[in-house]
Protein chains: 2
Amino acid sequence: MELSDRKKRILRTVVDRYIQTAEPVGSKAVAESCGFQVSSATIRNEMVALEQMGLLEQPHTSAGRIPTPLGYRVYVNELMEQQRLSLEETEMINRALRSKVQQLDRIISEAGKLTSQLTNYPAYALTAKVKECTVERFAIVTIDAHTFILVAMLSDDSVKNKLVRLHYEIRADQLTRLGSVLNARFTGIGERDITPELIVSAERSIDDSLGLVAIAVGFTIEILTASRAHDSFLTGTSHLLDLPEFKDTDKAQKIIRYLSDDAELLKLPAPDAAGSARITIGPENLAEELKDSSVVVARYNVGDDMQGIIGVVGPTRMDYTQVSSKLAYIAQGLGWLLSGGFTLPGDE
Amino acid sequence: MELSDRKKRILRTVVDRYIQTAEPVGSKAVAESCGFQVSSATIRNEMVALEQMGLLEQPHTSAGRIPTPLGYRVYVNELMEQQRLSLEETEMINRALRSKVQQLDRIISEAGKLTSQLTNYPAYALTAKVKECTVERFAIVTIDAHTFILVAMLSDDSVKNKLVRLHYEIRADQLTRLGSVLNARFTGIGERDITPELIVSAERSIDDSLGLVAIAVGFTIEILTASRAHDSFLTGTSHLLDLPEFKDTDKAQKIIRYLSDDAELLKLPAPDAAGSARITIGPENLAEELKDSSVVVARYNVGDDMQGIIGVVGPTRMDYTQVSSKLAYIAQGLGWLLSGGFTLPGDE
DNA sequence: GTTTAGCACTCTTACTTCCCGAGTGCTAAA
DNA sequence: TTTAGCACTCGGGAAGTAAGAGTGCTAAAC
């Protein structure tokens with residue numbers, strides 16, 4: 001498919017304008033738009049050609065043209081110029097990311113919030129474990145004679161904890177022994193390696209009449225099971241209601257409900273490589289609910305064990321340029337922070 | 001204000017029906033409704049009286065009546081019977097709560113989700129610290145020569161952690177010393193007690209040429225600052241779009257946007273005592289955005305240091321009976337779980 | 001051959017008008 | 001005090017109308 005320069009320019013103008021206004025774009029508007037020296041009639045002829053190529057369509061006779069999904073695809077692939085984020089924007093993202101990265105568990109949800117704020121579209125964030133998790137290290141913190149906190153550091157660098165309250169008193173040395181047996185026998189192994197025999201043998205080894213091992217192992221299994229599941233977060237759904245394409249509450253509701261379902265989010269397309277953004281337009285989406293919407297996703301990696309996905313959902317008329325730039329930057333920044341250390345590019 | 005039995009019964013019928021259908025209730029419908037032996041004309045006369053008392057109103061002449069906010073208030077205060085949750089329902093809540101209480105930090109957000117699911121209205125959850133937090137205990141977990149996790153257990157029983165990666169190598173004994181000085185000097189004190197002098201003296205005491213103390217204390221301050229702030233979660237906003245009163249996207253958007261603002265959520269009314277639910281109807285709300293909506297909130301306490309709030313937002317035509325029962329039960333269950341231990345009433 | 005101007009045509013959107021029916025308030029009788 | 005009957009009111013949906021934007025086509029101009 002070969003497009004003349006003029007056709008490209010017209011297509012780009014139509015897409016840009018339609019992204020902004022959500023109104024079909026007429027030939028006159030295109031002709032008047034930046035620096036065309038030809039009349040609207042000429043534009044009309046070209047637009048007919050673009051329509052026959054399947055890049056534009058008319059919602060009805062005698063309305064302006066709007067891009068088809070294929071038109072958006074061509075725009076995204078060939079016409080869209082990668083937008084440079086301004087210094088202020090990168091600064092802001094850096095600052096926001098850095099201040100959010102206090103607690104490992106929360107980063108992902110915070111990254112989602114940030115994305116939604118910056119793009120003005122709903123954003124979702126997922127974590128996905130590539131490998132099965134194991135506990136790297138247990139720690140026990142005594143609160144009082146009845147109470148302690150069991151802390152587990154997992155192989156994906158996250159930390160889980162549980163407050164344990166017992167009806168009977170426990171001595172410090174019992175907890176110490178519990179800690180050592182947990183660290184000796186239950187670290188570095190996956191959920192399926194925790195057998196009843198292992199538990200019994202561990203209980204014997206410290207003469208565990210109180211059943212502390214059983215409690216701790218129960219918690220461990222809970223954690224490992226939960227960590228196999230994916231975490232997901234959705235924010236900024238109210239942005240959808242801003243858009244004219246969702247002024248019909250039914251549509252908005254369907255899509256928000258769809259996005260609220262963790263299981264569905266997991267099925268969404270993911271980019272192959274970290275850092276870059278992948279764009280899925282309208283009917284390219286497999287899910288029926290998203291046939292009228294577009295999804296932009298970026299991936300980041302944390303070590304080898306874990307990866308995360310941040311995505312933005314909007315109408316096909318999404319501002320692809322802006323969204324994909326910002327998303328890619330955020331994903332990259334996250335990757336740096338999580339696996340690198342404290343500094344982001346641009347920091348001194 | 002004295003209401004005859006018949007008037008009470010009529011008011012209750014109107015409110016119940018309007019809650020279900022969202023349509024103005026006519027005299028005929030009331031007359032036919034359960035067991036009235038009088039004609040619609042009699043009902044009409046009574047309804048005029050109720051209207052003059054300010055309990056009912058007509059959206060326009062020749063439509064049925066709908067309750068005024070005052071009408072709802074009377075309904076809530078005098079006519080509503082506390083609904084007993086069914087055994088299945090309490091079982092389900094118990095099960096859901098128990099399985100969620102793995103990780104202290106997440107409980108509150110999970111409780112919000114649960115509430116929203118059970119009531120079919122949007123729910124929000126807040127934590128509020130009554131007292132300033134302190135770190136109870138530090139723990140350091142070594143990952144490799146460049147990396148360790150700093151874990152802090154706070155006085156509110158939550159656990160915070162931070163992955164620290166350095167460009168230079170650190171020895172195990174350096175970390176051990178860091179741990180002891182942190183536990184010796186930085187536990188049990190509030191944010192404002194962390195003075196530069198304290199930091200310098202701590203650094204000297206372990207000959208900290210690597211600046212580890214500075215990093216750890218920086219993290220501590222971050223945590224204490226953040227824990228003073230409130231956490232808030234909002235879920236189930238899509239339920240709003242089900243309701244006819246929010247079929248206008250503008251209204252829905254305004255209220256969702258309002259609820260997404262943490263600062264505003266904090267201003268919402270809170271119940272005085274834990275366990276019971278407080279109901280705020282329409283114009284009783286101070287916020288302009290909520291003048292057409294009602295809020296049901298319940299509070300739970302965790303020890304003396306912390307308390308949390310769970311709230312449900314819906315139209316004035318909210319199913320107060322159902323919502324307040326469930327909310328009270330959930331709040332109660334949470335309180336038990338968080339401060340008591342493992343068992344819920346009804347468990348064996 | 002390409003571009004332009006002009007014109008008739010189409011289709012949506014917004015606005016007005018009109019009718020229907022549900023539900024009321026009043027009055028008079030039971 | 002309750003009931004039946006009746007005229008009246010008003011919102012909502014259907015139908016009809018006018019305006020406007022944008023098109024496709026044709027014929028002339030470059």
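Because the structure is a prediction, the values reported are computed rather than measured. (Residues numbered from 1 in each chain as written. Chains lettered and ligands numbered in written order. Predicted model: local features only at pLDDT ≥ 70, side-chain atom pairs only at ≥ 80, totals over all residues. Heavy atoms only, no water.)

Student: Mind laying out the overall build of chain A, listing which residues take part and the relevant values?
Tutor: Within chain A, the regular secondary structure consists of twelve helices and ten strands. Considering only contacts in chain A between residues 6 or more positions apart, those separated by 24 or more positions represent 59%. Total accessible area computed for chain A in this model is approximately 15,800 Å², and 48% of it derives from carbon and sulfur atoms. Seen as two clouds, the 38 positive and the 47 negative side-chain charges of chain A have centres 3 Å apart. (Helix = DSSP H or I, 4+ residues; strand = E, 2+ residues; numbered from the N terminus. Contact = heavy atoms within 4.5 Å. Areas by Shrake-Rupley, 256 points an atom, 1.4 Å probe, with all protein chains shown as cover. Lys, Arg positive; Asp, Glu negative; His and termini not counted. Charge placed at Lys NZ, Arg CZ, Asp CG, Glu CD.)

Student: Please set out the nonpolar core residue by residue, giving values where relevant.
Tutor: Within the largest apolar cluster, 143 residues are counted, with the highest numbers of intra-cluster contacts made by Tyr124 and Tyr320 of chain A together with Tyr124 and Tyr320 of chain B. With residues up to four places along the chain from it excluded, the contact list for Tyr124 of chain B reads Phe233, Leu234, Leu265, Leu268, Val295, Val297, Ile309, Ile310, Gly311, Val312 and Val313 of chain B. In terms of nonpolar packing, the next biggest core, distinct from the first, is built from 29 residues, Val135, Phe138, Leu175 and Leu178 of chain A among them. (Core = buried A, V, L, I, M, F, W, Y, C linked by side-chain atoms within 4.5 Å. Buried < 20%, exposed > 50% of the residue type's maximum accessible area, 1.4 Å probe, protein only.)

Student: Before we move on, could you go through the protein's contact with DNA strand D and cite the residues and values that matter?
Tutor: Close to DNA strand D lie 20 residues, the nearest being Ser27 of chain A together with Ser39, Thr42, Thr61 and Ser62 of chain B. When the atoms of DNA strand D within 4 Å of the protein are grouped by moiety, sugar and phosphate amount to 76% of the total. Contact distances for DNA strand D include 2.6 Å between a phosphate oxygen and a side-chain N or O atom of Ser27 of chain A. Contact between DNA strand D and Arg6 of chain B: a phosphate oxygen at 3.3 Å from a side-chain N or O atom of the residue. (Near = heavy atom within 4 Å. Polar contact = N/O pair within 3.5 Å; in protein donor to acceptor, adjacent residues only side chain to side chain.)

Student: Any chance you could break down the sheet that holds strand E4 (residues 135-144) of chain A for me, citing the residues and the numbers?
Tutor: Residues and elements named next belong to chain A. The strand order across the open sheet built from three strands is E4-E5-E6, with neighbouring strands paired in antiparallel fashion. For this open sheet the edge positions go to E4 and strand E6 (159-165), each flanked by a neighbour on one side alone. Along the sheet, successive strands turn relative to each other by an average axial angle of 20°, direction set aside. Bridge count for strand E5 (residues 147-154) against E6 is seven bridges, and the pairing is antiparallel. Bridging from a neighbouring strand, Met153 pairs with Val159 of E6. Relative to the sheet, helix H7 (residues 172-185) contacts E4 and E5, its axis offset from that of E4 by approximately 170°. (Pairing = 2+ DSSP bridges. Axes fitted to C-alpha atoms, helices over the stretch in contact; angles between N-to-C directions.)

Student: An account of the pattern of salt bridges is needed here, citing residue identities and associated values.
Tutor: Evaluation of the coordinates by the stated rule reveals 20 salt bridges over all chains. Taking the shortest distance from any N to any O, the salt bridge between Arg257 of chain B and Asp242 of chain A comes out at 3.0 Å. Within this pair, whereas Arg257 of chain B is found in helix H10 (residues 249-260), its partner Asp242 of chain A is found in the loop between strand E7 (232-235) and helix H10 (249-260), the two belonging to separate chains. Given a relative accessible area of 38%, Arg257 of chain B falls into the partly exposed group. Glu284 of chain B is the partner of Arg73 of chain B in a salt bridge, and the nearest nitrogen-oxygen pair spans 3.3 Å. (Salt bridge = Lys/Arg side-chain N within 4 Å of Asp/Glu carboxyl O.)

Student: Summarise the protein's contact with DNA strand C; cite the residues concerned and give the values.
Tutor: Neighbouring DNA strand C are 20 residues, the closest being Ser39, Thr42, Thr61 and Ser62 of chain A together with Ser27 of chain B. In DNA strand C, atoms within 4 Å of the protein come 75% from sugar and phosphate. In the model, a base oxygen of DNA strand C is placed 2.7 Å from a nitrogen or oxygen of the Ser62 of chain A side chain. The contact in question runs from a base nitrogen of DNA strand C to an N or O atom on the side chain of Arg44 of chain B, over 3.2 Å. Counting residues per element, the ones that place at least two in the surface near DNA strand C are helix H3 (40-52) of chain A together with helix H3 (40-52) of chain B. When residues of the surface near DNA strand C are assigned to their parent elements, the largest contribution, four residues, is made by H3 of chain A. When grouped by side-chain class, the residues that make up the surface near DNA strand C number four nonpolar, twelve polar and four charged. (Nonpolar A, V, L, I, M, F, W, Y, C, P; charged D, E, K, R; others polar.)

Student: Lay out the environment of Ala287 of chain A with the relevant residues and their values.
Tutor: Residues and elements named next belong to chain A. One can find Ala287 in the loop between strand E8 (277-280) and strand E9 (293-302). On the accessibility criterion, Ala287 (17% relative accessible area) is buried. Taking the C-alpha atoms as reference points, Ala287 and Arg317, 30 residues apart in sequence, are found 18 Å from one another.

Student: Which residues make up the sheet that holds strand E6 (residues 159-165) of chain B, and what are the values?
Tutor: Residues and elements named next belong to chain B. Taken in spatial order, the three strands of this open sheet run E4-E5-E6, and their pairing is antiparallel. With partners counted over all chains shown, the strands left at the sheet margins are strand E4 (135-144) and E6, one partner each. Averaged over all adjacent pairs, the angle separating strand axes in this sheet is 20°, with direction ignored. In this sheet, strand E5 (residues 147-154) lies alongside E4 in antiparallel orientation, the contact comprising eight bridges. Within E5, the residue paired with Phe138 across the bridge is Ala152.

Student: Please provide a residue-by-residue account of unusual backbone geometry, values included.
Tutor: Excluding glycine, most residues fall at negative phi; most peptide bonds, likewise, are trans. Although it is not a glycine, Ala22 of chain A sits at a positive phi angle of roughly 65°. Tracing the chain through its elements places Ala22 of chain A in the loop between helix H1 (5-21) and helix H2 (27-32).

Student: Now, about the packing of helix H1 (residues 5-21) of chain B against helix H4 (residues 69-79) of chain B: what can you tell me, with residues and values included?
Tutor: All names here are of chain B. H4 packs onto H1 with a crossing angle of 110° between their chain directions and a minimal axis gap of 10 Å. When the axis of H1 is compared with that of H4, the two are roughly perpendicular. The hand of the H1/H4 crossing is left-handed. Counting all contacts with H1, which are made through Lys8, Leu11, Arg12, Val15, Asp16, Tyr18 and Ile19, the residues of H4 involved are Gly71, Tyr72, Val74, Tyr75, Glu78 and Leu79. Classifying every residue of the contact of H1 with H4 by side-chain character gives eight nonpolar, one polar and four charged. (Parallel < 35°, antiparallel > 145°, perpendicular 65-115°, else oblique. Left-handed = near helix turned anticlockwise from the far one by under 90°.)

Student: Give me the side chain of Thr134 of chain A: which residues, what numbers.
Tutor: All names here are of chain A. Checked against the element boundaries, Thr134 lands in the loop between strand E3 (123-129) and E4. What makes Thr134 buried here is its relative accessible area of 14%. Contacts of Thr134, omitting those with residues within four sequence positions, involve Met153, Leu154, Ser155, Gly188, Ile189, Gly190 and Leu224.

Student: Explain the layout of surface pockets to me, using residue names and the numbers behind them.
Tutor: All names here are of chain B. For the second largest pocket, the calculated volume is near 590 Å³. Along the walls of the second largest pocket sit 25 residues, with Glu245, Lys251, Asp292, Pro315 and Thr316 positioned nearest its centre. At the level of secondary structure, the elements contributing two or more residues to the lining of the second largest pocket comprise strand E2 (66-67), H4 and H10. Sorting elements by how many residues they give to the lining of the second largest pocket places H10 first, with three residues. Along the lines of polarity and charge, the residues of the lining of the second largest pocket split into eleven nonpolar, three polar and eleven charged. (1 Å grid on protein atoms, 1.4 Å probe; cavity = no way out; pocket = protein on both sides within 12 Å on 5 of 7 lines; lining within 4 Å. Points joined across faces, edges and corners; volume = space filled by probe spheres on them.)

Student: Could you give an account of H10 of chain B, naming the residues involved and the relevant values?
Tutor: A rise of 1.5 Å per residue sets the reference length of H10 of chain B, with its twelve residues, at 16 Å; its end C-alpha atoms lie 16 Å apart and thus fit the reference within 8%. Inspection of H10 of chain B places Thr249, Ala252, Gln253, Ile255, Ile256, Tyr258 and Leu259 of chain B among the buried residues, and these make up the whole buried set. (Expected span 1.5 Å × (residues − 1).)

Student: Describe the environment of Lys7 of chain B, with residues and values.
Tutor: By the element assignment, Lys7 of chain B lies in helix H1. C-alpha of Lys7 of chain B to C-alpha of Asn183 of chain B: the two residues are 176 residues apart in sequence and 67 Å apart in space.

Student: Explain the confidence of the model for chain A to me, using residue names and the numbers behind them.
Tutor: Looking at chain A, the pLDDT average stands at 84 and 91% of residues meet or exceed 70. The secondary-structure element of chain A with the lowest mean pLDDT is E6 of chain A, recorded at 77, while strand E2 (residues 66-67) of chain A shows the highest, at 93. (pLDDT = per-residue confidence, 0-100.)

Student: So what about the side chain of Ser232 of chain B? Which residues, and what values?
Tutor: Residue and element names in this part refer to chain B. With respect to the element layout, Ser232 can be found in strand E7 (residues 232-235). At 2.8 Å, the side chain of Ser232 forms a polar contact with the side chain of Asp262. Setting aside anything within four residues of it in sequence, one finds Ser232 in contact with Ala125, Leu126, Asp262 and Leu265.

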